[in-house]
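One-letter residues, chain by chain:
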Amino acid sequence: MATKNLPFANMDSALHPAGRLSLSRATVTLAVMLVVHGLTKSYAGPRPRAVFAGVDMELAPGDYVAVMGESGSGKSTLLNLIAGLDSADEGSIKLDGTELTALDDDALTALRRKRMGFVFQAFHVLPYLTVAQNVALPLSLLGVAGSEADARVAGMLAGVGLSERGASMPRELSGGELQRVAIARALVHGPQLVLADEPTGNLDAETASQVLSLLREQIKANGAAGILVTHSRVAALTCDRILQLTLAGLRELTLQ
Amino acid sequence: MHKAKVYALQVVLAGSLAQNKARSVLSVLAIALGVALGYAVQLITGAAVNELALGVQFLSGDADLQVRGPRSGFDEAIYPKLARLREVAAASPVVELDAKLADRSDTLKIIGIDVFRAAAVQPGLVADSADRLDHLRSDTLFVSPAAARSLGVDVGGSLSFQVALRAVTLRVAGLATADAHQRFAVTDIAGAQENFDRLGRITRVDLRLKAGVDVDAFRDRLQAELPAGLAVQRPEAGVKASESLSRSYRVNLNILALVALFTGGLLVFSTQALAVVRRRAQFALLRVLGVTRRQLVMWLMAEGALVGIAGSTLGLAGGFFLAQAAVRIIGADFGAGYFRDLAPTLTPAPLPLALFFFLGVVIAMLGSLAPALEAARAPPAPALKAGDDERAFARLRPSWPGLVTIAAGAIASFAPPIAGLPLFGYGAIALLLIGTLMLMPRLAVLMLSIVPTPRGAPSRLALLQLRGAPGQAAVSLAAIVASVSLMVSMAIMVASFRISLDAWLERVLPADVYVRASAAGDTAYMTVDDQARIAALPGVRRAEFLREQQLLLDPSRPRVVLLARTIDAANLTRQLQLVSAQMTPAPGAPPPVWVNEAMVDLYGFVLGSVVEIPIAGKPTAFTVAGVWRDYARPQGAIAIERERYIALTGDRSATNAALWLAPGAAVEQVSRAIDSDIPGGSRLEIAAPGEIREFSLKAFDRTFAVTYALELAAVVIGLFGLSSSFGALVLARRREFGMLRHIGMTRRQIGAMLATEGATVTGIGLVAGFGLGWLISLVLVQVVNRQSFHWGMELSVPWAPLTGSALLVLALSTITALASGRHAMSARAVLAVKEDW
Ligand SMILES: Nc1ncnc2c1ncn2[C@@H]1O[C@H](COP(=O)(O)OP(=O)(O)O)[C@@H](O)[C@H]1O
Ligand SMILES: [Mg+2]
């Protein structure tokens with residue numbers, strides 16, 4: 001991996017006056033990890049509609065960017081394409097030099113399993129598994145089990161402040177806590193890229209800001225890159241960069 | 001109710017029925033199938049019994065009382081004594097017999113009457129005829145229209161009957177008046193006596209009493225004066241007696257059909273329970289909007305009623321056509337041989353129609369009751385949250401009610417029959433079934449905790465999820481547990497019966513060749529000369545003869561069979577399959593008889609008891625020296641030494657013979673010799689034991705064919721239930737699959753997860769169903785069969801077919817689970833994970 005972790009904590013938190021983040025490391029970019037070029041997507045059907053065209057985007061290891069846009073502008077669609085869950089009309093998506101559009105479903109699935117983590121608006125924590133079992137899911141899919149898995153799950157739960165809740169059932173948790181479980185699940189297997197689609201859409205403002213800080217903190221702490229899809233400016237401000245999605249493509253906004 | 005609220009309810013509920021179209025249709029079909037089976041069975045057996053009663057009513061005319069006795073008749077000298085009694089207005093002697101037709105395997109009921117006497121008692125039997133003297137001629141008979149049709153004769157034609165081994169031909173002088181379905185022929189009583197070797201004997205006297213005579217008081221007085229073996233009773237009592245032979249069989253069929261209906265109810269329960277769980281949030285919303293608990297329950301019950309009404313309507317129509325097809329194809333007794341002479345018309349009566357309609361609706365509503373109550377009880381707030389579904393099932397969990405129900409079932413199985421029916425036995429089966437279903441959540445938890453957690457991620461996840469939500473698994477299981485247990489218990493019962501029957505046949509058929517005078521009817525027999533000729537045939541080393549008679553021991557029951565046969569007391573077990581110890585009467589004690597198991601159950605003829613049996617009009621004491629197994633005569637049978645029988649009755653005729661061949665002699669050779677050397681020998685039926693065995697087992701399989709069909713119906717309904725539950729659960733979990741696909745599970749892995757879930761759940765259902773089925777089979781064999789048909793059998797489990805069916809059910813349900821998953825894994829569904837809940 002073309003990433004090198006460096007202790008740039010102070011500089012990082014200086015960028016984000018809102019979050020007093022206790023980061024132990026930050027990342028410095030030596031190369032580009034994700035390259036999206038000329039991505040065009042439209043939905044077929046009785047009333048075909050173009051969602052976006054000519055989207056370009058680059059993401060370096062350790063980058064944490066926000067994608068903003070109005071509702072219906074295609075933010076989720078873009079994330080689905082990057083995750084290999086939907087196919088583009090045109091354009092290319094390269095992750096670490098691998099062209100995703102050329103891969104078949106099994107290869108894409110394996111790629112997601114190893115290198116990606118997901119956080120959803122509606123949490124999607126399995127109701128009949130304990131919190132710890134939910135967090136362990138990606139590990140179990142990767143064949144990591146036993147004490148190694150237990151240790152990583154415990155570490156993750158501690159990271160998101162749920163050390164005591166490992167044996168709880170999801171229905172005993174609040175929405176904010178559920179999203180923390182989801183964050184732990186997204187990062188437990190050490191993915192390169194975390195995709196979060198409106199992760200605070202179902203939360204109140206205060207809880208949302210806590211979850212956003214935690215998400216950033218954990219992404220950085222685990223040396224991953226992240227894309228946060230949101231329509232909220234406040235949320236977007238927790239990222240390193242902000243991109244605006246329009247019909248014409250992605251445009252970088254300058255932080256005010 | 002507030003208008004807006006009603007509207008909200010309608011939107012939610014109608015929407016759900018429409019949304020679950022496939023499942024609603026399945027529920028309707030399951031109820032329809034149960035109603036159709038139940039109604040068809042009721043329609044057919046009801047019509048047959050009704051026909052039987054009408055027949056007796058018609059044939060006995062205006063008689064107030066009937067004097068009956070042994071099947072072969074009694075001394076006619078009793079008739080003038082009865083006719084002279086002060087209370088009797090008119091008496092009519094009757095010779096009634098089933099005559100064997102000479103050149104076909106059929107029989108025809110012959111009623112010999114004295115026209116002048118009959119005119120006063122059974123006017124309906126006296127036919128119109130151009131030549132009034134035909135009524136008195138001994139060589140004529142009047143056939144009923146149905147008999148004429150089925151035998152293909154017309155007035156002026158003739159019919160040949162077998163008497164002993166001779167043929168007797170009678171001319172058809174006219175048609176007897178009778179309604180469309182009764183097959184019989186009327187002839188002059190003297191002619192009947194002469195033609196059918198009944199000289200000096202009659203089988204019945206019908207009495208019409210003078211006005212004002214107390215029928216029952218007179219009946220009791222007369223009974224006390226009648227010779228042994230004769231009984232006087234109202235004509236209706238005869239209907240009951242002939243009905244009672246088939247009653248247990250009919251009740252058994254009805255119960256089986258009800259089980260199919262019950263399984264349909266369980267399907268409604270599973271469907272509704274899962275549908276309600278999935279709509280918890282919607283209901284909570286309604287409750288928040290101000291719908292009361294009662295209103296919610298009523299609406300959900302209305303849903304069940306709707307399913308029930310549709311199912312019942314469909315089922316009644318289907319049942320009617322099913323019954324018509326069944327009567328045409330396999331006969332009114334489903335091939336069991338109880339109503340061979342009847343061709344009933346099926347007329348839908350309002351009462352059974354209403355009853356089965358009601359049953360279908362009630363069962364469907366009961367199926368929705370528990371889920372409806374649960375939906376109403378749920379506190380609205382937590383129900384609005386995901387993952388709360390399992391709470392809906394938590395209520396089903398305490399185990400004591402289930403255990404108590406099972407214990408009650410066990411106790412009920414020890415109770416005696418009621419009115420000759422194993423009602424407590426059926427009750428025991430129902431209790432065992434319901435108790436087990438109540439325990440299912442517990443059993444599911446227990447079994448899931450025993451199953452080791454697999455290593456592979458998909459199956460591991462499947463098991464973890466099932467352990468987290470055992471209640472849902474248990475609900476989907478209700479229908480499959482019920483139907484599997486039914487299948488298993490019936491299979492064990494039928495296999496036990498068949499194996500025991502086979503062993504019995506082997507035991508009771510030790511000779512090389514069996515000969516009988518005819519397969520049916522009372523008129524064929526072998527005379528002393530015939531017997532001597534048969535015994536002297538070349539190739540015959542030894543011949544034993546048997547005379548079969550039918551005695552009336554209890555006028556409210558069918559006649560019992562008396563078998564007068566060569567009995568070698570020293571070698572008894574070679575001839576009879578004894579199920580008791582064998583005893584020799586003490587010196588001075590009455591001589592021995594050996595009775596079948598039914599005699600013990602019905603008449604209390606226990607081993608060692610001294611009993612009185614009316615033979616030749618005289619009560620004779622005997623000692624019960626042994627009890628034997630008998631699958632042929634559930635009405636009761638008594639074996640007596642032939643020499644003793646001859647000494648008592650002077651009757652040396654025989655109906656059956658068993659022949660042992662000389663070394664080197666072949667069955668065919670003896671059979672040819674009988675044909676050529678014995679006058680009328682071609683009318684004898686000759687069979688090797690192998691043929692009889694094969695024939696009997698075929699008849700057995702035919703009788704149980706309808707049982708298999710009902711069993712299959714129950715299993716199909718159970719599988720429907722399972723697949724519908726899976727479908728519902730999978731649909732409810734679409735977003736879960738979407739999430740799993742996101743985090744890197746392949747389609748195949750999700751398929752494997754679903755297959756594991758399906759197989760595990762079904763496996764639990766099979767384990768529970770097999771255990772319960774085995775218990776139920778014990779009740780069927782030891783209680784239901786014993787009390788219904790009075791036959792004992794050894795329990796044997798048909799492992800191979802049962803294992804095969806279990807694997808088939810497992811495979812089908814796994815495939816079902818996979819198939820439901822396919823739908824849920826479409827690309828659209830995967831992206832659905834981004835939708836709001
Ligand atoms: N499966 C689909 N078929 C047709 N149109 C779709 C589909 N999914 C999304 N769209 C449309 O594409 C546009 C972008 O959707 P989406 O990416 O979900 O927007 P966002 O996440 O920015 O709100 C919307 O107008 C939406 O209606
Ligand atoms: Mg979106």
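Residues numbered from 1 in each chain as written. Chains lettered and ligands numbered in written order. Predicted model: local features only at pLDDT ≥ 70, side-chain atom pairs only at ≥ 80, totals over all residues. Heavy atoms only, no water.

Caption draft 1: Quick look at the overall build of chain A. Secondary structure assignment for chain A yields eight helices and twelve strands. The buried share among the 256 residues of chain A stands at 55%. Taking the contacts inside chain A whose residues are at least 6 apart along the sequence as the reference set, 71% of them involve residues at least 24 apart. Accessible surface computed for chain A: about 10900 Å², of which carbon and sulfur atoms make up 52%. (Helix = DSSP H or I, 4+ residues; strand = E, 2+ residues; numbered from the N terminus. Buried < 20%, exposed > 50% of the residue type's maximum accessible area, 1.4 Å probe, protein only. Contact = heavy atoms within 4.5 Å. Areas by Shrake-Rupley, 256 points an atom, 1.4 Å probe, with all protein chains shown as cover.)

Caption draft 2: Spotlight on a nonpolar patch on the surface. The grouping of V25(B), L29(B) and L314(B) at the surface amounts to a nonpolar patch, some 250 Å² of accessible area in total. Summarising the element assignment, V25(B) is placed in helix α2 (residues 21-60). (Patch = residues over 30% accessible without salt bridge, like charges linked within 9 Å, V, L, I, M, F, W, Y side chains within 5 Å. Salt bridge = Lys/Arg side-chain N within 4 Å of Asp/Glu carboxyl O.)

Caption draft 3: The sheet that holds strand β6 (residues 90-95) of chain A, seen in detail. Residues and elements named next belong to chain A. Spatially, β4-β3-β6-β7 is the arrangement adopted by the four strands of the open sheet, whose pairing is antiparallel. The open sheet is flanked by β4 (49-59) and β7 (98-99), the only strands paired with a single partner. Note that β6 and β7 share two bridges and pair antiparallel. Across the sheet, K94 pairs through a bridge with E99, a residue of β7. Together, β3 (34-43), β4 and β6 form the strand contacts of helix α2 (residues 75-82), whose direction differs from that of β3 by roughly 125°. (Pairing = 2+ DSSP bridges. Axes fitted to C-alpha atoms, helices over the stretch in contact; angles between N-to-C directions.)

Caption draft 4: Representation of the site of ligand 1 within the structure. All names here are of chain A. The environment of ligand 1 is made up of Y43, R49, V51, E70, S71, G72, S73, G74, K75, S76 and T77. The backbone of K75 places a nitrogen or oxygen atom 2.9 Å from an oxygen atom of ligand 1. One of the side-chain N or O atoms of S76 is found 2.7 Å from an oxygen atom in ligand 1. Here ligand 1, which alone exposes 560 Å², has 64% of that area covered by the protein. Sorting the residues of the shell around ligand 1 by element identifies β4 and α2 as the ones contributing at least two each. (Near = heavy atom within 4 Å. Polar contact = N/O pair within 3.5 Å; in protein donor to acceptor, adjacent residues only side chain to side chain.)

Caption draft 5: Just empty space enclosed by the protein, in detail. Residue and element names in this part refer to chain B. Tallied over the entire structure, the rule returns six cavities of 30 Å³ or more. Quantified by volume, the largest cavity comes out at close to 150 Å³. For the lining of the largest cavity, the elements supplying multiple residues, two or more each, are α16 (457-468), α17 (470-508), α23 (689-732) and α25 (747-789). Across the lining of the largest cavity, the residue classes break down as eight nonpolar, three polar and two charged. (1 Å grid on protein atoms, 1.4 Å probe; cavity = no way out; pocket = protein on both sides within 12 Å on 5 of 7 lines; lining within 4 Å. Points joined across faces, edges and corners; volume = space filled by probe spheres on them. Nonpolar A, V, L, I, M, F, W, Y, C, P; charged D, E, K, R; others polar.)

Caption draft 6: Structural view of the pattern of salt bridges. Residues and elements named next belong to chain B. Under the counting rule described, the total for this entry stands at 38 salt bridges over all chains. Between R71 and D522 there is a salt bridge, with the nearest N and O atoms lying 3.0 Å from each other. Of this pair, R71 sits in the loop between β1 (65-68) and β2 (74-75) while D522 sits in the loop between β12 (513-516) and α18 (528-535), and the two are 451 residues apart along the sequence. Comparing R71 with D522, the two get one shared label, buried. D630 is the partner of R633 in a salt bridge, and the nearest nitrogen-oxygen pair spans 3.0 Å. The residues R633 and D630 share a single accessibility class, namely buried. Within this structure, E597, D601, R629, R786 and E794 form a network of salt bridges that share partners.

Caption draft 7: Structural view of the nonpolar core. Core analysis: the largest hydrophobic core is formed by 84 residues, its most contacted members being M440(B), I480(B) and V481(B). Considering every element that reaches this core, the biggest residue donor is α17(B), with 22 residues. In contact with I480(B), other than residues within four places in its own chain, are G718(B), L719(B), L722(B), G765(B) and V809(B). With 51 residues, the next largest nonpolar core counts M33(A), L108(A), L245(A) and A462(B) among its residues. (Core = buried A, V, L, I, M, F, W, Y, C linked by side-chain atoms within 4.5 Å.)

Caption draft 8: The interface of chain A and chain B, seen in detail. Listed as interface residues are 28 residues of chain A and, on the opposing side, 34 residues of chain B. Per-residue buried area on chain A facing chain B is highest for H124(A), Y128(A) and R171(A); these three make up 26% of the total on that side. Here chain A and chain B share three salt bridges between them. Its salt-bridge partner being D106(A), residue R748(B) comes within 2.5 Å of it at the nearest N-O pair. (Buried area = accessible area lost by both parts, 1.4 Å probe.)

Caption draft 9: Up close: unusual backbone geometry. Although it is not a glycine, H124(A) adopts a positive phi angle of roughly 50°. Within the fold, H124(A) resides in the loop between β8 (116-119) and α4 (131-141). If you check the backbone angles, A164(B) has positive phi at about 50° while not being a glycine. Here A164(B) shows up in the loop between β6 (158-163) and β7 (166-175). On the basis of relative accessible area, A164(B) is assigned to the buried category, the value being 2%.

Caption draft 10: Inspection of the packing of α4(A) against helix α6 (residues 175-187) of chain A at higher detail. Residues and elements named next belong to chain A. Close contact between α4 and α6 brings their axes to 7 Å; oriented N to C, the two are set at 30°. Here α4 lies roughly parallel to α6, going by the angle between them. By crossing handedness, the relation of α4 to α6 is classed as right-handed. For the pair formed by α4 and α6, the contact residues are V131, N134, V135 and P138 on the first element and V181, A184 and R185 on the second. Of the residues belonging to the contact of α4 with α6, the class tally is five nonpolar, one polar and one charged. (Parallel < 35°, antiparallel > 145°, perpendicular 65-115°, else oblique. Left-handed = near helix turned anticlockwise from the far one by under 90°.)

Caption draft 11: The packing of α4(A) against helix α5 (residues 146-159) of chain A, seen in detail. All names here are of chain A. At a minimum axis separation of 10 Å, α4 and α5 run at an interaxial angle of 120°. For the element pair α4 / α5, the angle class is oblique. For the pair α4 and α5, the crossing hand works out as right-handed. Packed against α4, whose contacting residues are V131, A132, V135, A136 and L139, the element α5 presents A149, R152, V153, M156 and L157 at the interface. Class assignment for the residues of the contact of α4 with α5 results in nine nonpolar, no polar and one charged.

Caption draft 12: Quick peek at helix α21 (residues 642-649) of chain B. Residue and element names in this part refer to chain B. Regarding α21, the residues found buried are R642, Y645 and I646. All buried residues of α21 project into a common sector of 100° when viewed along the axis, lining one side. Exposed side chains of α21 directed beyond 90 degrees from the buried face belong to E643 and A647. Buried residues belonging to α21 abut α18, β13 (540-551), β14 (560-565) and β18 (637-641). Following α21 by one or two positions, G650 adopts a phi angle in the positive range, close to 75°. (Arc of directions from axis to C-beta.)

Caption draft 13: Focus on α17(B). Residue and element names in this part refer to chain B. Taking 1.5 Å of rise per residue, the 39 residues of α17 would be expected to cover 57 Å, and the 53 Å separating its terminal C-alpha atoms lies within 8% of that figure. In α17, a bend of some 45° at L477 exceeds every other bend along the element. The buried fraction of α17 amounts to 32 of the 39 residues, a majority that puts the element mostly inside the structure. (Expected span 1.5 Å × (residues − 1). Bend = angle between axes of the 7 residues up to and from the residue.)

Caption draft 14: Quick look at the confidence of the model for chain B. Of the residues in chain B, 91% have a pLDDT of 70 or more, and the chain-wide mean is 84. Listed scores for the predicted complex are pTM 0.78 and ipTM 0.84. (pLDDT = per-residue confidence, 0-100.)

Caption draft 15: Structural view of the sheet that holds β12(B). All names here are of chain B. An order of β16-β17-β15-β18-β14-β13-β19-β12-β20 is seen for the nine strands of this open sheet, with the pairing classed as mixed. At either margin of the open sheet sits one strand with a lone partner, and together these are β16 (610-615) and β20 (685-687). The mean inter-strand angle of the sheet, taken between neighbouring strand axes irrespective of direction, is 30°. When β13 meets β14, the two strands line up antiparallel, connected through six bridges. Across the sheet, residue L551 finds its bridge partner in β14, namely V560.

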